[in-house]
Amino acid sequence: MVQQVCIEPGQVRKEAAIQTSAWVYHFYIMENEQEKHEYYMRMALEEAQKAREIDEVPVGAVIVFRDEVVAKAHNLREHSMQAYAHAEMLAIQKASESMHTWCLDECDLYVTLEPCMMCTGAIVLSRIRNLYYGAKDPKGGAVDSLIEIKTISRLNHHPKVTSGILAEECGAILTDFFREKRKKPKRDKNQFKITQE
């Protein structure tokens, strides 16, 4: 027995209009999301510029909780004389102090350069929800380059990773910094050696 389907006049046009509206809304949301990510990455780039101005490697980071910035930081390794003073580490520390918790599972981290092994570990341990980064780091990146964090299945947390946000601008500030560095005399490594009296 064949069941007859009754289509009301204009029903096809109505369904097409609904479908079109859904697609328009989808692209509107996607466009707004991209604008939001670029907005926060530009803030991270401002932090990177602060680092550059004091002759630190220009990497900046921003942590966002429910669309509110809770921490901003840039590299301070040379000034603090601390190996761990990367932008991500300092931003995570500030966010934890601000929110009175180590668990940042509702927070998103924006950073201009793919995090290293140390920072990737801190991102996992602090339960960062989303990681957004700009330029890849083929020599030291531990998210997608040297190590692919998503392939380590035994980790108890994996942040959702989005790369390539303002990648060209994030890469350019680093390229320019190291180009200028190469023009200057290399620093004496002996200054870091411990001498016994």
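Residues numbered from 1 in each chain as written. Predicted model: local features only at pLDDT ≥ 70, side-chain atom pairs only at ≥ 80, totals over all residues. Heavy atoms only, no water.

**Some words on the environment of I165**
For I165, the location among the structural elements is in the loop between β5 (160–163) and α5 (167–183). In the structure, I165 is positioned 131 residues away from Q34 in sequence and 8.5 Å away in space, judged by C-alpha atoms. With sequence-adjacent residues up to four places away left out, I165 is seen in contact with H37, E38, M41, Y132, Y133, G134 and C170. (Helix = DSSP H or I, 4+ residues; strand = E, 2+ residues; numbered from the N terminus. Contact = heavy atoms within 4.5 Å.)

**Quick look at the nonpolar core**
Ranked by size, the top nonpolar core spans 42 residues in total, and within it M41, I63, L109, Y110 and I128 carry the most contacts. Contributing elements (two or more residues each) for this core: α1 (11–53), β1 (60–65), β2 (68–74), α3 (87–99), β3 (107–113), α4 (117–125), β4 (130–135) and α5. In terms of residues, this core owes the most to one element, α1, which gives six residues. If sequence neighbours within four positions are ignored, M41 has contacts with Y110, V111, T112, Y132, Y133, G134, I165, L166 and C170. (Core = buried A, V, L, I, M, F, W, Y, C linked by side-chain atoms within 4.5 Å. Buried < 20%, exposed > 50% of the residue type's maximum accessible area, 1.4 Å probe, protein only.)

**Points about α5**
Taking 1.5 Å as the rise per residue, α5 with 17 residues should run 24 Å; its terminal C-alpha atoms sit 25 Å apart, in good agreement. The set of residues buried in α5 consists of C170, G171, I173, L174 and F177. Along the long axis of α5, the arc covered by the buried residues comes to 155 degrees, so they all point the same way. Along α5, exposed side chains directed more than 90 degrees from the buried face belong to E168, R182 and K183. (Expected span 1.5 Å × (residues − 1). Arc of directions from axis to C-beta.)

**Some remarks on α4**
Listed in full, the buried residues belonging to α4 are C119, T120, A122, I123 and V124. Packing partners of the buried residues in α4 comprise α3, β3 and β4. Of the residues flanking the end of α4, it is R127, one or two places downstream, whose phi is positive at about 65 degrees.

**Focus: unusual backbone geometry**
The phi torsion at H100 lies on the positive side, around 60 degrees, for a residue other than glycine. Within the secondary structure layout, H100 lies in the loop between α3 and β3. Unusually for a residue other than glycine, L166 sits at a positive phi of about 50 degrees. You can call L166 buried: its relative accessible area is 13%.

**Observations concerning the layout of surface pockets**
Taken as a whole, the largest pocket holds about 1200 Å³ of empty space. Around the largest pocket sit 31 residues that line it, and V57, R77, F177, F178 and K181 are the ones nearest its centre. Looking at the lining of the largest pocket, the elements with two or more residues in it are α2 (77–80) and α5. Tallying contributions element by element places α5 first for the lining of the largest pocket, with six residues. Among the residues making up the lining of the largest pocket, the classes are represented as eleven nonpolar, five polar and 15 charged. (1 Å grid on protein atoms, 1.4 Å probe; cavity = no way out; pocket = protein on both sides within 12 Å on 5 of 7 lines; lining within 4 Å. Points joined across faces, edges and corners; volume = space filled by probe spheres on them. Nonpolar A, V, L, I, M, F, W, Y, C, P; charged D, E, K, R; others polar.)

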